[in-house]
Amino acid sequence: MSRSLAELTALVAEVSDIYASRNDITRDDDWYLLKMQEELGELVAEFLRATGRGRMKGADAADVRQALEDEAADVLAMLLLFARNNGIDLDAALERKWFKYLGRSPQV
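Residues numbered from 1 in each chain as written. Predicted model: local features only at pLDDT ≥ 70, side-chain atom pairs only at ≥ 80, totals over all residues. Heavy atoms only, no water.

A closer look at a nonpolar patch on the surface
- Among the surface-exposed residues, Leu40, Val44, Phe47 and Leu48 lie close enough to one another that they form a single nonpolar patch of about 310 Å² accessible area.
- Structurally, the position occupied by Leu40 is in helix α2 (residues 29-50).
- By relative accessible area, Leu40 is classed as partly exposed at 37%. (Patch = residues over 30% accessible without salt bridge, like charges linked within 9 Å, V, L, I, M, F, W, Y side chains within 5 Å. Areas by Shrake-Rupley, 256 points an atom, 1.4 Å probe, with all protein chains shown as cover. Salt bridge = Lys/Arg side-chain N within 4 Å of Asp/Glu carboxyl O. Helix = DSSP H or I, 4+ residues; strand = E, 2+ residues; numbered from the N terminus. Buried < 20%, exposed > 50% of the residue type's maximum accessible area, 1.4 Å probe, protein only.)

Structural notes on the nonpolar core
- One finds Val12, Ala13, Trp31, Tyr32, Met36, Ala77, Met78, Leu80, Leu81 and Phe82 forming the largest nonpolar core, which totals ten residues.
- When contributions to this core are tallied by element, the ones reaching two or more residues are α1 (5-22), α2 and α3 (61-85).
- With five residues, α3 is the single largest residue contributor to this core. (Core = buried A, V, L, I, M, F, W, Y, C linked by side-chain atoms within 4.5 Å.)

Thoughts on the packing of α2 against α3
- In the contact formed by α2 and α3, the axes pass within 8 Å of each other and the chain directions differ by 160°. Our classification of the angle between α2 and α3 gives roughly antiparallel. Of the two elements, α2 crosses α3, and the hand of that crossing is left-handed.
- Grouping the constituent residues of the contact of α2 with α3 by class yields 17 nonpolar, one polar and eight charged. (Axes fitted to C-alpha atoms, helices over the stretch in contact; angles between N-to-C directions. Parallel < 35°, antiparallel > 145°, perpendicular 65-115°, else oblique. Left-handed = near helix turned anticlockwise from the far one by under 90°. Nonpolar A, V, L, I, M, F, W, Y, C, P; charged D, E, K, R; others polar.)

With respect to the confidence of the model for the chain
- Mean pLDDT over the chain stands at 94; residues scoring 70 or higher make up 96%.
- Confidence, expressed as mean pLDDT per element, reaches its minimum in the chain at helix α4 (residues 90-97) with 95 and its maximum at α1 with 98. (pLDDT = per-residue confidence, 0-100.)

Structural data, given as structure tokens:
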């Protein structure tokens, strides 16, 4: 099933609200950026493991691949939350910054 960025953002925000409530976390402006940086660090660690440059910690290749995918999802989720918190329209920004090079709008 394919979802739009707006739909993904709404779902991610719902999960984030649950997470913040359960863990008594106050999400201020800094939290969104710092949490995204934390998740990016975790993605880098999994990438290093997946490419043979990090400790396996008893994990096999399938475990490492799943962890890499999960950390990529965390980075995307945090980017969506950061953009939402800062009033950034990622659809418009992608059109303006990236898709202008296509000479046409992408098919969605």
